[in-house]
Amino acid sequence: MDFMLTKQHEMARTLFKEFAEKEVKPLAQEVDETEVFPRGTVEKMAKAGFLGIPVPKEYGGQGCDPLTYAMCVEELSKVCGTTGVIVSAHTSLCCDPIMTYGTEEQKQKYLVPLAKGEKIGAFGLTEPGAGTDAQGQQTKAVLDGDEWVLNGSKIFITNGKEADVYVIFAVTDVVTDAKGRSKKMISAFIVEKGTPGFTFGTKEKKMGIRGSSTYELIFTDCRIPKENLLGKEGKGFGIAMHTLDGGRIGIASQALGLAEGALERTIEYVKERKQFGRAIGAFQNTQFQLADMATKVQAAQLLVYKAAVAKATQKVYSVEAAMAKLYAAEVAMEVTTKAVQLHGGYGYIREYDVERMMRDAKITEIYEGTSEVQRMVISGSLLK
Amino acid sequence: MNIQDYKGVFVFAQQVDNVLSGIALELVGKGKDLAKDLNTEVTAVLVGSDVKGLADELAEYGADKVIVVDDPELKEYRTEPYAHALSSVIDEFKPEIFLVGATAIGRDLGPRVSARIHTGLTADCTQLDIGDFPINPVPGKEQLHNQLLMTRPAFGGNTIATIACPDFRPQMATVRPGVMQKAPKEAGKKAVVVEFNPGFTPNDKYVEILEVVKAVSDVADIMDAKILVSGGRGVGSPENFKILEDLAEVLGGTVSCSRAVVDAGWKPKDLQVGQTGKTVRPNVYFAIGISGAIQHVAGMEEADVIIAINKDETAPIFEVADYGIVGDLNKIVPALTEKLKAELAAK
Amino acid sequence: MKIVVCVKQVPDTKGGVKFNPDGTLDRGAMLTIMNPDDKAGLEAALRLKDQYGAEVTVVTMGLPKAEEVLREAMAMGADKGILVTDRVLGGADTWATSQTLAGAIRNLEYDLIITGRQAIDGDTAQVGPQISEHLGIPVISYAQKIQIEGDSVIVERQYDDRYHVLKAKMPCLITALAELNEPRYMTPGGIFDAYNAEITVWGRANLVDVDDSNLGLKGSPTQIAKASDKVRKGAGEKVTLDPTESVDYIVDKLKAKHVI
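The residue numbering used here restarts from 1 in each chain and proceeds along that chain's sequence as written. Chain letters start at A and ligand numbers start at 1, both assigned in the order the entries are written. With the structure being a predicted model, the display of local features is reserved for residues of pLDDT at least 70 and the display and counting of side-chain atom pairs for 80 or more, all residues being used for whole-chain, interface and lining totals.

Colleague: Is there a simple way to explain the overall build of chain C in this structure?
Modeller: Secondary structure elements are taken from DSSP: a helix is a run of H or I of four residues or more, a strand is a run of E of two residues or more, and numbering for both begins at the N terminus. Scanning chain C for helices and strands turns up six helices and 13 strands. If you line up chain C on its principal axes, its C-alpha atoms span 70 × 45 × 40 Å. We call a residue exposed when 12 or fewer other C-beta atoms sit within 10 Å of its C-beta, buried when the count reaches 20 or more, and partly exposed for counts in between; the C-beta positions come from the backbone. Out of the 260 residues belonging to chain C, those deemed buried represent 50%. Within chain C, contacts between residues at least 6 apart in sequence are counted, and of these 70% link residues at least 24 apart. A residue pair is marked as a contact if its C-beta atoms, positioned from the backbone, fall within 7 Å.

Rendered as structure tokens:
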């Protein structure tokens, strides 16, 4: 067992760190304050290849492993949670399912521009009455000749309105199982922005990751070509769950980055800030808090990297992803909260990054499966 | 090479548009000091087209001899003909020391010449002395006397090295402008003028000048400024930078600023001094209303003289300032401008 | 078109300068980067590659660890990397360094050689022009813009108060300013490709037309007489005076320092 990163991974980290410090960090506060999607940063990331890291080169990507991708989201999130989730939603939730389930035509048409960053991707599963619960899905798709007709709406969609390509889930059939219960059959579709009948509802005003664009997607007799069915008809639920396994590694990386960023800022701060004639870092309370924070961050990193490696080497990695996301998200919340506390009054002020990081951290315990859902996934595997 | 054959201190008298650069006179001044220590003469090497008339000015500032290389090919600076001129002068006259300004011209010309004649070149010197090498006797090694000891900062100013060139001649150095003092002018003094033309035949190494574009930018590069008048948040408003601009104008300096000023949108990023801005090394740096965060200090601590004006006597800028004045910049700066105007007018 | 770019691995002074107990620089303890002017030179070469199509070969001289900057250059888009490393080359001044690099470059075909203006550790700005002299080709230093026109290169050459637009026949050597451009980032995939690629390693034996007497410490005309850390100057005087006295005080100091 080897905990050393390869030289390649180390150099990739140097790259992500340099990019984050130079291109992302200076805008983080403004992006949060104005709630404006950082389009310029996204274009720079596209140019640098950050929007197709795990996509094979033949499809316009970088051909790197999931660990490299996780490190990218981690380093970006260290300085800006918004930028981290933009990359994560685009890559894990849109590129990944098309890469895994798409036909060659779909890959050429959608994956190539997505991986090159010429187009941005999003993922629409959640509905007002259904999050991770597929049977609550209301959006329907009906085949009419050569077209699928979509009706319904999706909420809380990251990269909504900014994205060009959407992976959308809809009920395509209702069957009765052996026990006589009716069961919704879900299918996945690729929908392009600009398709007639596809519109956007209101933009959500959020506590954190405020520069990420979160919209309601509305489908009213939205007709898409038959060939935009992604994967097999009726197999959408499996596609969604498998996609979310990967997505959770992205969000776990985002959470990890937020925790690391808050820890870094706090270490800098306690060295400078003086109280009672001493730097507050000289107080044992501060030292012990930092020790706990650093230990948990390190543990989270090991879980996240393990899950990323599992995605590359195992067919199923749901439990690894769930554990990584559960732990990293809770560590992010705990570490950012402690970071604010150690900053005292300044930690509550927007001028200090830890204030934003604490708000950004909260969502990592909620989206792409709440911590409770992760616990269900983990315990389910223990008790099966 | 017989080192004993090499005699005298030579300096490259840089001219641009047939006007002597300040560095030319500074090098004559320094060369004169070195020549005195060596009991020899200082010779200025004047290269250009129709430049003979400048010889008198060099003489008035201390040149004992002026070698003029005058040729139409030398009208504008170009590496190859100028390198040919200097290396021919060196071959012909065999100086023991050859100094060149560390300017955008000299830093191109110096290395090309030193490579052509095979000698060492020490870059960007800030101090030149005549002394022994090794500086302290080393057993088993001959201690040479009357060597040129060339001192220069390296590593972004974090280290200082003194370099010698014991086995090759001439001992060559480029010298940072603004560091050496020119000698007092002796009006009417004359030098021996020697004309020398080694012949200039264009070849593939002669580049063609398609266009000469003189700077029209009104934003001077703060890295080149000898005097910087730098303002921080304490200046109070973008309008109030006027008093700094007035002071800079009187001193022939340039205005720069701290990051807070750029962040506030008062001044463009080009003018920012500090870790995320530019690193400057002016002769004089005025820090006005600048608290002196470590990031700022990292960009200006190499200034020769730092003068700080701040109303907060605990401001960290006072920890690096040579001269710190605790007081109101709005009163001190305009009064200083007026006083300097009067002083300079009286000169 | 074939372009050779010379790069140097230098300590990152931004990460803090570290010293050994004896006062010499502890290079091993400092992070290293590709010298900024060299990186601008590489970017200029890569842009010429994008625009005109070119093969970009990156050459560095240094310890075996300097291989890292070659990987970085290749991760940015350079085609080949050559590391010149040999114990006999150690301790070289600019003369010996330029002899070494010229000796290495004589093995290569080139239309253009691009170097950075200067390295942030030595700040000499000598090696580029000296290589050009050894190779007998024209040099254009301080390039702020580079274009190709037929078999010539057109360069804006910066001076203090002006720039010259120069035309030189290739082959030619250009030294680049960090201000020349904003270097691109490596790409993640490029990093992995760079580590899969072969780096050519050359030693003394591979240098062409260079005498031993011009290499390494022994071949260096300049010798260090003394080296020391710069002593950080501490606080100077601090005075609290009324405005008129303050003005007199400053004027006196400016006079004492020959500023006025």
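Having seen the structure, we can now continue with the description.
Colleague: Sorry if this is basic, but what is going on with the interface of chain C and chain B here?
Modeller: Many structure descriptions define interface size as the accessible area lost when the parts assemble. At the junction of the two partners, chain C supplies 66 residues and chain B supplies 74 residues. Of all the secondary-structure elements, those providing two or more residues to the side of chain C that touches chain B are helix H3 (94–105), helix H4 (127–135), strand E7 (139–149), strand E8 (152–158), strand E9 (162–169), strand E12 (223–229), strand E13 (237–240) and helix H6 (243–256) of chain C. Following the grouping adopted for this structure description, the nonpolar residues are Ala, Val, Leu, Ile, Met, Phe, Trp, Tyr, Cys and Pro, the charged ones are Asp, Glu, Lys and Arg, and the polar ones are all others, Gly among them. Among the residues making up the side of chain C that touches chain B, the classes are represented as 31 nonpolar, 19 polar and 16 charged. The pairing criterion for strands is at least two bridges between them, as found by DSSP. Pairing of strand E18 (residues 323–326) of chain B with E13 of chain C, which is carried by four bridges, proceeds in the parallel orientation. When the sheet's bridge partners are listed, valine 326 of chain B is paired in E13 of chain C with threonine 240 of chain C.

Colleague: Help me understand the sheet that holds strand E15 (residues 254–257) of chain B in this model?
Modeller: Across a sheet, strands are paired by hydrogen bonds formed along the backbone, either parallel or antiparallel in direction. Taking strand neighbours across the sheet as the criterion, the six strands line up as E15(B)-E14(B)-E16(B)-E17(B)-E18(B)-E13(C) in an open arrangement whose pairing is parallel. The open sheet has two edge strands, E15 of chain B together with E13 of chain C, and neither has a second partner. Averaged over all pairs of adjacent strands, the angle between their axes in this sheet comes to 20°, without regard to strand direction. By the bridge criterion, four bridges tie strand E14 (residues 227–231) of chain B to E15 of chain B in an arrangement that is parallel. Residue pairing in the sheet places valine 229 of chain B in a bridge with valine 255 of chain B of E15 of chain B. Taken strand by strand, helix H5 (residues 242–251) of chain B contacts E14, E15 and strand E16 (284–288) of chain B, and its axis lies near 175° from that of E14 of chain B. Working convention: axes come from line fits to C-alpha atoms, limited for helices to the stretch in contact. Angles between N-to-C directions cover 0 to 180 degrees.

Colleague: Sorry if this is basic, but what is going on with the sheet that holds strand E11 (residues 171–175) of chain B here?
Modeller: All names here are of chain B. Strand order in this open sheet of seven strands is E7-E11-E6-E1-E4-E5-E12, and the pairing throughout is parallel. What marks the edges here is a single partner per strand, and that holds for strand E7 (121–125) and strand E12 (192–195). Taking each pair of neighbouring strands and ignoring which way they run, the sheet shows an average axis angle of 20°. Here strand E4 (residues 42–48) pairs with strand E5 (residues 65–70) via six bridges, running parallel. Along E5, the bridge assignment pairs alanine 44 with valine 66. Running over the sheet, helix H1 (residues 22–38) touches strand E1 (9–12), E4, strand E6 (97–101) and E11 and is turned about 175° from E1.

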